[in-house]
Amino acid sequence: MERSFNYFAQADDGSVYYFGEVVDNYENGVIVNHDGSWLVGGATLPSDPPGIGNAPKPAVFMPANPELGDVFKPEDLFPIVDETAEVVGVDLDVLVLGTKYDGAIKIEESTLLAPGTEFKWYAPGVGVVKVQTKGETLRLESSTLVQPQDE
């Protein structure tokens, strides 16, 4: 099980930048490591774990106006983290647990750190509403950010 604290900022043009994450990896309810932790500028707080990755600059997490075929790297500090994202669907309607999200985009994520891909659907004003990977599907159960249409 993983618990992470992620750091983002939105630019004036609407692009979202990723400044890193501090990860706690658990086994049997106990933190066993912080693998995958990285921050722009490295550790700065006394609470940051030792050995945290030091990224030179923030990464584009989501372009302001994602278009079909756009490719970007939300995580780019190999071998600590690596992620390539490609927009494979735009202006989609996504039905999640009886709630319809309009104007969503579908992202295909891949990494050099593991085989396979992951698909994520992002809804405007909400963020990730659905994730599919390796025969597993995760769905947003509730959000206080917007009031989408019920189907």
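Each remark here, short or long, concerns the structure printed above.
In short, a report on the structure.

### Quick notes on the overall build of the chain
Regarding its fold elements, the chain presents zero helices and 13 strands. The order of helices and strands in the chain, counted from the N terminus, is β-β-β-β-β-β-β-β-β-β-β-β-β. Computed over C-alpha atoms, the radius of gyration of the chain comes to 16 Å, within 12% of the 15 Å expected from 2.2 N^0.38 for 151 residues, which places it in the range of a compact globule. The principal-axis extents of the C-alpha atoms in the chain amount to approximately 45 × 40 × 30 Å.

### Examining the layout of surface pockets
Empty space within the largest pocket amounts to approximately 910 Å³. Taken together, 31 residues make up the lining of the largest pocket; nearest its centre are E75, E83, E109, E118 and K120. Elements supplying a minimum of two residues to the lining of the largest pocket: β1 (2-10), β2 (16-27), β8 (81-96), β9 (99-111), β10 (114-123), β11 (127-133) and β12 (136-139). A per-element tally of the lining of the largest pocket places β10 first, with seven residues. In terms of residue class, the lining of the largest pocket is built from twelve nonpolar, eight polar and eleven charged. Forming the walls of the second largest pocket are 13 residues, and the residues nearest its centre are M62, Y122, A123, G127 and V128. Of all the secondary structure elements, the ones that give two or more residues to the lining of the second largest pocket are β6 (59-62), β9, β10 and β11.

### What about the environment of G14?
Residue placement: G14 occurs in the loop between β1 and β2. Considering only alpha carbons, one finds G14 and N65, 51 residues apart in sequence, at a separation of 7.8 Å.

### Comments concerning empty space enclosed by the protein
Evaluated as defined, the whole model comprises one cavity of 30 Å³ or more. In this structure, the largest cavity spans a volume of roughly 40 Å³. Residue lining of the largest cavity: F61, M62, F72, P74, E83, A85, I107, E109 and Y122, and that is the complete set. Every element with two or more residues in the lining of the largest cavity is listed here: β6, β7 (71-77), β8 and β9. The class makeup of the residues in the lining of the largest cavity is seven nonpolar, no polar and two charged.

The rules behind the values
- Residues numbered from 1 in each chain as written.
- Predicted model: local features only at pLDDT ≥ 70, side-chain atom pairs only at ≥ 80, totals over all residues.
- Heavy atoms only, no water.
- Helix = DSSP H or I, 4+ residues; strand = E, 2+ residues; numbered from the N terminus.
- Rg over C-alpha atoms; globule rule 2.2 N^0.38 Å.
- 1 Å grid on protein atoms, 1.4 Å probe; cavity = no way out; pocket = protein on both sides within 12 Å on 5 of 7 lines; lining within 4 Å.
- Points joined across faces, edges and corners; volume = space filled by probe spheres on them.
- Nonpolar A, V, L, I, M, F, W, Y, C, P; charged D, E, K, R; others polar.

Everything listed here is a matter of geometry and, on its own, says nothing about what the molecule does.
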